[in-house]
Amino acid sequence: MEQKSKSYQVNHLKQLESEAIYILRETAAQFEKPALLFSGGKDSIVMAWLARKAFYPAKLPFPLVHVDTGHNFPETITYRDDFVEQIKANLVVGLVQESIDQGRVQEEKGPKASRNALQTVTLLDTIEKHGYDACLGGGRRDEEKARAKERFFSHRDEFGQWDPKNQRPELWNIFNGRKQHGEHFRVFPLSNWTEMDVWQYIKAEEIPLPSLYFASERDVFTRDGVILSQTDFITMLPEEEATARKEVVRFRTIGDATCTGAVLSNAATIDDIIEEVAAARQTERGTRSDDKRSETAMEDRKKQGYF
Amino acid sequence: MSEERGYLDMDLLRFTTAGSVDDGKSTLIGRLLYDSKNIFEDQLEAVETSSKARGDEHVNLALLTDGLRAEREQGITIDVAYRYFATPKRKFIIADTPGHIQYTRNMVTGASTANLAIILIDARKGVIEQTCRHAFIASLLRIQHVVICVNKMDLVDWSQERYDEIIAEFKQFASRLDNVVEVTFIPISALEGDNVVDKSKNMDWYQGPTLMYHLENVYVGPDANHIDARFPVQWVIRPMSNEWHDFRGYAGRVAGGVFKPGDDVVVLPSGFTTKVKAIHTLEGEIEEAFNPLSVTMTLEDEIDISRGDMIAKPNNQPKVEQDVEAMICWFSEKKKLKGREKLILRHTTKEVKAIVKDVRYKVNINTLHKIEDDLEFGLNDIGRISLRTSSPLFFDSYSRNRQTGSFVLIDEFTNETVAAGMII
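Every value quoted in this text rests on a predicted model; they were computed, and no experiment measured them.

A few words now on the pairing of strand β3 (residues 91-95) of chain A. Residues and elements named next belong to chain A. The alternating pattern of β3 places V92 and G94 on a buried face, while none of L91, V93 and L95, on the opposite face, is buried. In the sheet, strand β2 (residues 64-68) pairs with β3 via 5 bridges, with the strands oriented parallel. By the bridge assignment for β3, L64 is matched with L91.

Each aromatic ring pair is characterised by the separation of its centres together with the angle its planes make. This model, assessed by the stated rule, comprises 23 aromatic pairs over all chains. A ring pair is formed by A:Y79 and A:F83, whose centres lie 5.6 Å apart and whose planes are at 15°; its orientation type is stacked. Here A:F83 and A:Y79 lie together in helix α4 (residues 74-86), a separation of 4 residues that amounts to about one turn. Taken individually, A:Y79 and A:F83 each receive the classification buried, so the pair is uniform in this respect. Each ring, one from B:Y163 and one from B:Y206, has its centre 6.4 Å from the other, and the planes form 80°; the classification is edge-to-face. Placement of the pair is B:Y163 in helix α6 (residues 160-174) and B:Y206 in the loop between β6 (182-187) and α7 (211-217), with a sequence separation of 43 residues. With respect to class, B:Y163 is no different from B:Y206; both count as buried.

As for its placement among the helices and strands, B:S112 is situated in helix α4 (residues 104-112). Judged by its relative accessible area of 2%, B:S112 falls in the buried class. Between the C-alpha atoms of B:S112 and B:A138, which are 26 residues apart in sequence, the distance is 8.8 Å. Setting aside residues no more than four positions away along its own chain, B:S112 makes contact with A:E170, A:L171, A:W172, B:L141 and B:R402. Within the local environment of B:S112, its side chain forms a polar contact with the backbone oxygen of B:T109, the two atoms lying 2.9 Å apart.

Residues and elements named next belong to chain A. An order of β3-β2-β1-β4-β6-β5 is seen for the 6 strands of this open sheet, with the pairing classed as mixed. The open sheet has two edge strands, β3 and β5 (153-156), and neither has a second partner. Direction aside, the axes of adjacent strands within the sheet are offset by 30° on average. Taken strand by strand, helix α3 (residues 42-55) contacts β1 (34-37), β2 and β4 (134-136), and its axis lies near 140° from that of β1. Sitting on the sheet, α4 touches β2 and β3, and the angle it makes with β2 is about 170°.

All names here are of chain B. When you line up the elements, A354 lands in strand β19 (residues 350-364). It is 4.2 Å that separates the C-alpha atoms of A354 and T389, two residues lying 35 residues apart in sequence. Ignoring anything within four residues of it in the chain, the contact list for A354 reads E341, K342, L343, L345, L387, R388 and T389.

Moving on, we get to the pairing of strand β6 (residues 184-187) of chain A. A regular strand places its side chains so that they alternate between the two faces of the sheet. Residues and elements named next belong to chain A. With burial as the criterion, each face of β6 is covered, one bearing H184 and R186 and the other bearing F185 and V187. Alignment of β4 against β6, held across 3 bridges, turns out to be parallel. Across the sheet, the residue bridging to A134 is F185, located in β6. Here β5 runs beside β6; their pairing, made up of 4 bridges, is antiparallel.

Moving on: the packing of α3(A) against helix α7 (residues 195-205) of chain A. Residues and elements named next belong to chain A. Two elements in contact, α3 and α7, have axes separated by 11 Å at closest approach and are oriented at 55°. Classified by the interaxial angle, the pair formed by α3 and α7 is oblique. The element α3 and its partner α7 pack so that their crossing is left-handed. Taking contact as the criterion, the partners of K42, D43, V46, W49, L50 and K53 in α3 are, on α7, E195, V198, W199, Y201, I202 and E205. Grouping the constituent residues of the contact of α3 with α7 by class yields 7 nonpolar, no polar and 5 charged.

Conventions and cut-offs
Residues numbered from 1 in each chain as written. Chains lettered and ligands numbered in written order. Predicted model: local features only at pLDDT ≥ 70, side-chain atom pairs only at ≥ 80, totals over all residues. Heavy atoms only, no water. Buried < 20%, exposed > 50% of the residue type's maximum accessible area, 1.4 Å probe, protein only. Helix = DSSP H or I, 4+ residues; strand = E, 2+ residues; numbered from the N terminus. Pairing = 2+ DSSP bridges. Phe/Tyr/Trp six-rings, centres within 6.5 Å; stacked < 30°, edge-to-face > 60°. Contact = heavy atoms within 4.5 Å. Polar contact = N/O pair within 3.5 Å; in protein donor to acceptor, adjacent residues only side chain to side chain. Axes fitted to C-alpha atoms, helices over the stretch in contact; angles between N-to-C directions. Parallel < 35°, antiparallel > 145°, perpendicular 65-115°, else oblique. Left-handed = near helix turned anticlockwise from the far one by under 90°. Nonpolar A, V, L, I, M, F, W, Y, C, P; charged D, E, K, R; others polar.

Structure below.
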């Protein structure tokens, strides 16, 4: 044994893990009916992984909730069901299609229509229907400017809205989850992680990931400078048809198939990805076309309850 | 540290910066990120575009750190923003806070999790009220390492004389700061990049480290308490499955000291003693647990334990009392503290009712003078109070343990966090 154990130092990944587990346990303890929002993306996968550690050897004391736009990459759903089975969690699915059928939302029209914005309504409806008072999300502060000031325990009013000016201060590791009836919280245990931390953790823990994260040849086209996968849910504009091609790509985030951009990449393993992330010159959300609508797009969506 | 392990050997340094609009704090952070190549192309492009639109002469590195729209419009930072960057040696978390007196609560928040504070002094202005305030907050929140960056050296002709004068001024004041263990002075120009990441070519007379070198190498290991064993119980794990039929584990994050299987422990408030049976994690049982690890402990005897209880060692117990003396910082804009107020107090994993018994004094945080004639606490006021709680707290002094010595006060009607407290 080297002397290291005597100095009681732990590496930063262990510190982040320990902090996230603390937050997950606080959430279970402070709320009556928490839920973990599971998108099938790597951050929510890491969250569910940490939740399993936090409550081991007991099962997760909350379900995984997936808001399904219906416009998924097929791999996402296969992965989701396998993963849920592996960690023996309960899964609750909220369908955007259902919100559309019930007339709760209007589907965007035109070739650039996306269900991304509609998710918010389905999410809030699902939260209300099941009475979830805290939703755990995989959001990280390094993702986007508006998230740099997000709290671990983020208070939402009875309309699900986030008021950046009315957030509770968080000191030390004391979190105030007290609330009035009808209000709820979003909780972000990975707040202090960076994209690199998440990848290093996935590697260290050998967490299985959806194949979308790894490079493969796909049918793609270009829209507004973003590489999108050709799917049944997207109608290409005539000028976009000209950009249709086969390309070796991978995805850096996994969301709605209509607006999640791919990056040109040959990264086929976790190590390749880590190397790529280390050399990357674009932030992760740089590939999300929904953020490009305006400079403060993210802040606007968050105020309306977007995760 | 061995080269091969790389990323897994990196440790974490949390630091805070306080500064106001014109002392170059945002520029300094922008400079740290930019010169250490922690800025992405699209972020830089966005900043270049905004700089041009505003008619700024240089690429305005300050724009990298100003997030919310209100701030972008007013050109000020109004909250605590957390930023992340890494070098091959360390990962850094910056709590970036505004510096004006009306944002004292933000500075206190940012300081609460930091191991190191950077305080900026404008070389032209020297030590001013704001410098003293920032240093006082760092000391109050027990930040043991303070770095004084004497900024804008380019505007005083890189003068060593001026720099020495400022150091002398600060040292005179710093003798009154209790908790600060180490003060480091560095002459810099955030705008030009001198001594931030790269060594200055304009100040040959300065032989010390650059800011980045210091951040990468400063030893912050002993900040955590590894002497007084404290384990606030956060959650009781009872799988109630066939495989784990009688398992009853206590989950929490070690707040101090070291726990090992076989250790004698005492459970508070009941006072029952037993031994640690095992320390569990998903990967298997471990030999010892210490701060900041989150673990699950099982005990040899069945004792009724719930969230908010604390496991400690029989020969080294925290104080178990209902009367608490503390320094507080008032956080609420709407509510004021006027004497015998009833509030909710949250300490470790415990929540109790508390009544303010006495307001001892307030502190003028610019001069450190006591204020005894106006005892009403409004937003940003700092001072000393005494509290009585509805049931005993298990605590240490804040100067001994940041986790078991800190609390927040909550308004029981609005649920707003109205104050942060440090137990004396």
